[in-house]
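Structural overview
Below, each chain spelled out in residue letters.
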Amino acid sequence: MKNTIRAMIECSVICFAVLLILHRRVISSFLTGDALPEVPEWHKNCCKCCK
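Values in this document were obtained by computation on a predicted structure and should not be read as measured data.

Concerning the overall build of the chain
Counting its regular elements, the chain contains three helices and zero strands. Ordered by position from the N terminus, the helices and strands of the chain form the series α-α-α. Compactness check: the chain gives a C-alpha radius of gyration of 16 Å against a globular reference of 10 Å for 51 residues, more than 25% above the reference. Summarising its shape, the C-alpha atoms of the chain cover approximately 45 × 30 × 15 Å along the three principal directions. Per-residue burial for the chain yields a buried fraction of 4% across its 51 residues. When the accessible surface of the chain is summed, it comes to about 4,900 Å², and 69% of that surface belongs to carbon and sulfur atoms.

Remarks on the pattern of salt bridges
One pass over the structure, following the stated rule, counts one salt bridge. Of the charged contacts, one joins arginine 6 and glutamate 10 as a salt bridge, the two residues approaching to 3.1 Å between their closest N and O atoms. Pair noted here: arginine 6 and glutamate 10 are both in helix 1 (residues 2-22), with a separation of four residues, about one helical turn. Residue class for glutamate 10 comes out partly exposed when judged on its relative accessible area of 42%.

Some words on a nonpolar patch on the surface
Nonpolar side chains collect at one region of the surface, where Phe16, Leu19, Leu20, Ile27, Phe30 and Leu31 lie side by side and expose about 630 Å² of accessible area between them. Secondary-structure elements contributing two or more residues to the nonpolar patch are helix 1 and helix 2 (24-32). With a relative accessible area of 42%, leucine 19 lands in the partly exposed category.

Notes on the side chain of serine 29
Relative to the helices and strands, serine 29 resides in helix 2. In this structure serine 29 comes out as buried when scored by relative accessible area, which is 5%. Contact partners of serine 29, with chain neighbours within four places excluded, come to Asp34, Ala35, Leu36 and Pro37.

Thoughts on the confidence of the model for the chain
In this model, the chain carries an average pLDDT of 88, and 90% of its residues clear a pLDDT of 70 or more. The secondary-structure element of the chain with the lowest mean pLDDT is helix 3 (residues 41-46), recorded at 77, while helix 1 shows the highest, at 96.

Rules and cut-offs
Residues numbered from 1 in each chain as written. Predicted model: local features only at pLDDT ≥ 70, side-chain atom pairs only at ≥ 80, totals over all residues. Heavy atoms only, no water. Helix = DSSP H or I, 4+ residues; strand = E, 2+ residues; numbered from the N terminus. Rg over C-alpha atoms; globule rule 2.2 N^0.38 Å. Buried < 20%, exposed > 50% of the residue type's maximum accessible area, 1.4 Å probe, protein only. Areas by Shrake-Rupley, 256 points an atom, 1.4 Å probe, with all protein chains shown as cover. Salt bridge = Lys/Arg side-chain N within 4 Å of Asp/Glu carboxyl O. Patch = residues over 30% accessible without salt bridge, like charges linked within 9 Å, V, L, I, M, F, W, Y side chains within 5 Å. Contact = heavy atoms within 4.5 Å. pLDDT = per-residue confidence, 0-100.

Structural data, given as structure tokens:
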């Protein structure tokens, strides 16, 4: 059970790190107060709220 919990925590940390890497431009523009970057075309097709 201890190994399972450790594996779940490690997987969560890796997923969070990937999320931070993928959204680094959005995070940096939010922190500096700049305009948000343009949403990519594939994102507009997959997420209807981004149009």
